[in-house]
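Chain residues, written in single-letter form:
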Amino acid sequence: MKKGKMVISVGIVTLIVIASFGFMGVKNEFKLKGATASSTDSPYDSPVNMDAIEEIYPLDSAAKNKLFTNGFVVLKDYGYENISECYWGLFDKHAVSVFVTSDVFLHLFHVVHDNMLKDIEQEYLYNFTELLVQNLQQESMVIYDTISPLLPHVYEAARRNVVFFTVACVLLNDSSAVPSYVYTNVTDYVDKILDHSVTEFYPGDDYTQYEPRGHYEGNKCLERYFRCMKWLGRRIFRIEDYKYPEESHIELIQAVLISQMLQDSPSAMQLWTQLYNVTSLLVGTADSITPLMVWNAIGNVFPTNFMISFLENSSNLEKLRSEFEKPEYPVSDIIPVPTEYPGQIPPRYVQFIGERFVPDSYIFQQDTYPHISDPAHLPKGLEVMATMLGSTRAEQLLYDEKQIYPQLGPQMTKLQDKFKNYTKEDWQKTVYCNWLYTLDPLLEEFNQSYPLFMQNMAWQDEKLNTALSSWTQLRHDYILYAKQTNVPSPVGYGYGYVEPIPLFYHRLASLSRKIDTDLSTLGVLPQGYHEGFDMLADELERYEVYAQKIVDNLPLTKADWNEEWGWGGEQDDIHEFGLWLLSFFSGWYDIEEKTPMLVADVCTNSLTGKVLHEGVGRFNPIIIVYEQPNGTTLAGIGFVMSYYEFEMDDFNRLSDSEWNGWIENGSVPPRPFWVNSYIYPGSRDMNGDKKIDILDMIVLGQRWGQKGPPHWIAADVNSDGTVNILDIILVAQHWTG
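What counts, and at which threshold
- Residues numbered from 1 in each chain as written.
- Predicted model: local features only at pLDDT ≥ 70, side-chain atom pairs only at ≥ 80, totals over all residues.
- Heavy atoms only, no water.
- Helix = DSSP H or I, 4+ residues; strand = E, 2+ residues; numbered from the N terminus.
- Rg over C-alpha atoms; globule rule 2.2 N^0.38 Å.
- Areas by Shrake-Rupley, 256 points an atom, 1.4 Å probe, with all protein chains shown as cover.
- Lys, Arg positive; Asp, Glu negative; His and termini not counted.
- Charge placed at Lys NZ, Arg CZ, Asp CG, Glu CD.
- Pairing = 2+ DSSP bridges.
- Contact = heavy atoms within 4.5 Å.
- Axes fitted to C-alpha atoms, helices over the stretch in contact; angles between N-to-C directions.
- Buried < 20%, exposed > 50% of the residue type's maximum accessible area, 1.4 Å probe, protein only.
- Salt bridge = Lys/Arg side-chain N within 4 Å of Asp/Glu carboxyl O.
- Parallel < 35°, antiparallel > 145°, perpendicular 65-115°, else oblique.
- Nonpolar A, V, L, I, M, F, W, Y, C, P; charged D, E, K, R; others polar.
- Core = buried A, V, L, I, M, F, W, Y, C linked by side-chain atoms within 4.5 Å.
- Phe/Tyr/Trp six-rings, centres within 6.5 Å; stacked < 30°, edge-to-face > 60°.
- Polar contact = N/O pair within 3.5 Å; in protein donor to acceptor, adjacent residues only side chain to side chain.
- Arc of directions from axis to C-beta.
- pLDDT = per-residue confidence, 0-100.

## Digging into the overall build of the protein
(1) Moving on: If you tally the helices and strands in the protein, you get 27 helices and 11 strands.
(2) Moving on: Radius of gyration (C-alpha) of the protein: 29 Å, near the 27 Å computed for a compact globule of 737 residues.
(3) Moving on: With respect to the three principal axes, the spread of C-alpha positions in the protein is 90 × 80 × 45 Å.
(4) Moving on: A total accessible area of about 28,900 Å² is found for the protein, and carbon and sulfur atoms account for 51% of it.
(5) Moving on: One finds the centroid of the 55 positive side-chain charges in the protein at a distance of 6 Å from the centroid of its 98 negative side-chain charges.

So, in structure tokens, the structure goes:
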């Protein structure tokens, strides 16, 4: 902004601030366009059980205004860590309608899935990996001893393979033997991995990626597995490098040697296949060239009597490179390692067991440099919701981003066209994509067949919060590639209501049963998780029926309870959801309850060192107002997740324990501005410094008169699509100085 314009903005804002304070004393005597309405202006009747709601969560007039304007309100100042305790606390509040949210089932799925993944890694994948790398380390040493130094490229490739597999062995077991001729290289790599603070151009790496995060942190066995799999998954064998062609000669020979070792060792091949198949089912196949593809290429180029010495001849290497140009060999959308300039390494390269292509990372790759001209730009989680899942509201909230970065809009349009062509089969190929597919029904614009509280922009914002929180859990669970109590059995009865999105429950139930079936077929699913996924799917299918009845405006039954016969109504079943949660977490299959609080780093800018993080905080209570088919208006209480997005400097990657410390200390970053449409108390803090003062007014002044979709930026405080005097007044009413 030019200096003169800044002076004018500050001057205007100063005058407006002074005028605004004149309104503060009479702020309840008039109604601003887009501001919260009083309950007398509400389309909702007063719930017959409102007194019971306020015995649990007393509401001031501003909170009631938001509740009766939107039909719901999320109370930011109440935070909970255990969802079973949240709903169990409502069990004996018979006049309160228990509202079961999609957030709860998504969290339950994450808990079962993350625990399952951790156990599979400890019981199966760790052993597969250890046996595999030990086998191939021994084989690579034998090959090195048999290669003549008169074949310099092949000789060096064989030595580097000893380095590659010895590093993997040491990362799993620091007492592993290290041959003297690779000691310096192995020690250098291992030290940098364990320190996880250095970033170097390839053949170095962004070693900050090796810091154990997610469920791996704090478990010594899983921390070793994390580092080893990162090493095996991030290292590439260049087919070509335009700056260092000699290096690519050697690495291509390395890839061929590894492929040959697997072919010559049935036990190693079996271990590699088991490891690859299990991880492929969960998160998808690699988009890089695998060792099996390399061996197929060798067969095509050298049909008979192939010997590794052939590759000392540069013309033979060129024949092999030409083979890899054929369309049957995958082109990678993401180069996983730091390079000196874009395009230095072509997008076809070999990996031993590469990190997997996931569509949301592809979106981030397409929405950053060089596709966006600013090298410092980092994307936003909203871009995943807008392009991959087609959220119109997410796209509206990116309006300002698209003005700042003009290439972003066309890029998003291309991506939307790509994902529109995804079929049901595409979405259901892997657990990872299927999880994203489950979120899609939450992001619709709900029409008049749905309850009134779902038919507004604030509800779209709340469901964006849900979808982004669940996506964060997904990224957390897959950041590498995710005491039994005797509970008495009381009887539950009372009002109940579910979030009426039948397709959501259907897709999550199908995903739960698919994981159970597919991993059981591979023989790696512990029995307890079979029971857990089955119990979760049963509950989801029952709630799908309840949700469809609400959409069809049919009453949920409510039985007359008595001690002899117990209960039988659908609302009573929902009301006792807290009891079901306790049984779910204390059953004999031993699924451990977890807090929702976690963090995942999802994108790194190698130029600036900034790392984009997605986080989930505590559960917040949500109060809704809804009308039953008989005309009775009720209020319900449920619980929803809290989503955060923020950047860290200097390649810093936050772990779960550090994030939990931030939450405990109250030092979390601000929530996204768009959550103010539904949370209470909302924030009028424009610049994120936790104060409302002249600096916030300056931000408003800089945006003065700008227009966009409703609540497109934080400065559009009253969500009318224009930054004007009404926004200034609302901010001034929360002045802290």
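## Side note on unusual backbone geometry
(1) Moving on: Each neighbour pair has its own omega, and for tyrosine 202 with proline 203 the value is 20°, a cis peptide bond.
(2) Moving on: Of the consecutive residues tyrosine 369 and proline 370, the connecting peptide bond is found in the cis state with omega at 10°.
(3) Moving on: If you trace the backbone, proline 370 turns up in the loop between α13 (359–366) and α14 (381–387).
(4) Moving on: Of note, the phi angle at aspartate 650 is positive, near 60°, even though the residue is not glycine.

## Some words on the sheet that holds strand β1 (residues 72–75)
(1) Moving on: With mixed pairing, the six strands of this open sheet are ordered in space as β5-β2-β9-β8-β1-β11. This sheet does not close on itself; its edge strands, each paired only once, are β5 (496–498) and β11 (679–680).
(2) Moving on: Its contacts with the sheet put helix α22 (residues 527–551) on β2 (97–100) and β5, and the angle it makes with β5 is roughly 90°.

## Examining the environment of isoleucine 725
(1) Moving on: Here isoleucine 725 shows up in helix α27 (residues 725–732).
(2) Moving on: Taking the relative accessible area as the measure of exposure, isoleucine 725 reaches 34% and is therefore partly exposed.
(3) Moving on: Sequence-wise, isoleucine 725 and glutamate 531 are 194 residues apart; in three dimensions their C-alpha atoms are separated by 58 Å.

## Some details on the pattern of salt bridges
(1) Moving on: All told, the structure shown has 41 salt bridges when counted by the stated rule.
(2) Moving on: Salt-bridge contacts for lysine 192 lead to aspartate 188; the nearest nitrogen and oxygen are separated by 3.2 Å. Of this pair, lysine 192 and aspartate 188 both sit in helix α7 (residues 183–195), four residues apart, which is roughly one turn of the helix.
(3) Moving on: A salt bridge links glutamate 200 to lysine 192; the nearest nitrogen and oxygen atoms lie 2.8 Å apart.
(4) Moving on: Residue glutamate 200 is classed as partly exposed on the basis of its relative accessible area, which comes to 26%.
(5) Moving on: Overall, lysine 192 belongs to the buried group, its relative accessible area being 18%.

## A short note on the packing of helix α5 (residues 102–146) against helix α21 (residues 502–521)
(1) Moving on: Packing of α5 against α21 brings their axes to within 11 Å, and their N-to-C directions diverge by 10°. When the axis of α5 is compared with that of α21, the two are roughly parallel. Across from Ser102, Phe105, Leu106, Phe109, His113, Met116 and Ile120 in α5, the residues of α21 making contact are Phe504, Tyr505, Leu508, Leu511, Ser512, Ile515 and Leu519.
(2) Moving on: Among the residues making up the contact of α5 with α21, the classes are represented as 11 nonpolar, three polar and no charged.

## Quick word on the nonpolar core
(1) Moving on: Within the largest apolar cluster, 205 residues are counted, with the highest numbers of intra-cluster contacts made by Tyr87, Phe105, Leu108 and Phe352.
(2) Moving on: Considering every element that reaches this core, the biggest residue donor is α5, with 18 residues.
(3) Moving on: Not counting residues up to four positions away in its chain, the partners in contact with phenylalanine 105 are Val100, Phe504, Tyr505, Leu508, Leu536, Glu539, Leu540, Tyr543 and Phe577.
(4) Moving on: Counting 12 residues, the second largest nonpolar core, distinct from the first, contains Leu700, Ala715, Val731 and Ala732.

## What to know about the packing of aromatic side chains
(1) Moving on: Applying the stated criterion across every chain, the model contains 53 aromatic pairs.
(2) Moving on: An angle of 90° between the planes, with centres 5.0 Å apart, marks the rings of phenylalanine 72 and tryptophan 459 as edge-to-face. Pair noted here: phenylalanine 72 is in strand β1 and tryptophan 459 is in helix α20 (residues 457–477), with a separation of 387 residues, a long-range link.
(3) Moving on: Residue class for tryptophan 459 comes out buried when judged on its relative accessible area of 0%.
(4) Moving on: Relative to tryptophan 435, the ring of phenylalanine 109 has its centre 5.0 Å away and its plane inclined at 90°; by these criteria the two rings are edge-to-face. Of this pair, phenylalanine 109 sits in helix α5 while tryptophan 435 sits in helix α19 (residues 431–439), and the two are 326 residues apart along the sequence.

## A word on the sheet that holds strand β10 (residues 643–648)
(1) Moving on: The strand order β6-β7-β10 describes an open sheet built from three strands, whose pairing is antiparallel. Across the chains shown, the open sheet's two edge strands, defined by having one partner strand only, are β6 (598–604) and β10. When the angles between neighbouring strand axes are averaged without regard to direction, this sheet yields 25°.
(2) Moving on: Judged from the six bridges that link them, strand β7 (residues 611–616) and β10 form a sheet pairing that is antiparallel. What sits directly across from glycine 615, in β10, is tyrosine 644.
(3) Moving on: Packing against the sheet, α20 makes contact with β6, β7 and β10, and its axis sits at approximately 80° to β6.

## Notes on the side chain of histidine 575
(1) Moving on: Along the polypeptide, histidine 575 turns up in helix α23 (residues 570–575).
(2) Moving on: Reaching out from histidine 575, the side chain makes a polar contact with the backbone oxygen of valine 96 at a distance of 3.3 Å.

## Brief notes about helix α12 (residues 314–324)
(1) Moving on: Here α12 has its buried residues at Asn316, Leu317, Leu320, Arg321, Glu323 and Phe324. Taken down its axis, α12 places every buried residue within 155° of arc, on the same side.
(2) Moving on: Each element contacted by the buried residues of α12 is listed here: α9 (245–264) and α11 (291–301).

## A look at the pairing of strand β9 (residues 633–640)
(1) Moving on: The element β9 is largely enclosed, with a buried count of eight among its eight residues.
(2) Moving on: The two faces of β9 match: Thr633, Ala635, Ile637 and Phe639 on one face and Leu634, Gly636, Gly638 and Val640 on the other face are all buried.
(3) Moving on: Two elements, β2 and β9, share two bridges in a ladder whose sense is parallel. In the strand pairing of β9, valine 98 is matched with isoleucine 637.
(4) Moving on: Across eight bridges, the pairing between strand β8 (residues 620–627) and β9 is antiparallel. Residue pairing across strands places isoleucine 624 opposite glycine 636, the latter belonging to β9.
(5) Moving on: Hairpin remark: β8 followed by β9, antiparallel, with five residues in the connecting loop; positive phi at glycine 631, about 95°.

## A short note on the confidence of the model for the protein
(1) Moving on: For the protein, the average pLDDT comes to 87, and 91% of its residues sit at 70 or higher.
(2) Moving on: Taken element by element, the predicted model of the protein shows its lowest mean pLDDT in helix α1 (residues 3–24) (46) and its highest in helix α6 (residues 152–172) (98).
(3) Moving on: A low-confidence stretch, residues 17–39 (pLDDT under 50), is modelled with 31 contacts involving residues beyond four sequence positions or located in other chains.
(4) Moving on: Contacts for the low-pLDDT stretch residues 561–567, under 50 throughout, to residues beyond four places or in other chains number nine contacts.

## Looking at the pairing of β7
(1) Moving on: The buried fraction of β7 amounts to six of the six residues, a majority that puts the element mostly inside the structure.
(2) Moving on: On β7, burial covers both faces: Val611, His613 and Gly615 on one face and Leu612, Glu614 and Val616 on the other are all buried.
(3) Moving on: Bridge count for β6 against β7 is six bridges, and the pairing is antiparallel. Across the sheet, the residue bridging to valine 599 is glycine 615, located in β7.
(4) Moving on: Hairpin connection, β6 to β7: the antiparallel pair is bridged by six residues, and glycine 609 has positive phi, about 80°.

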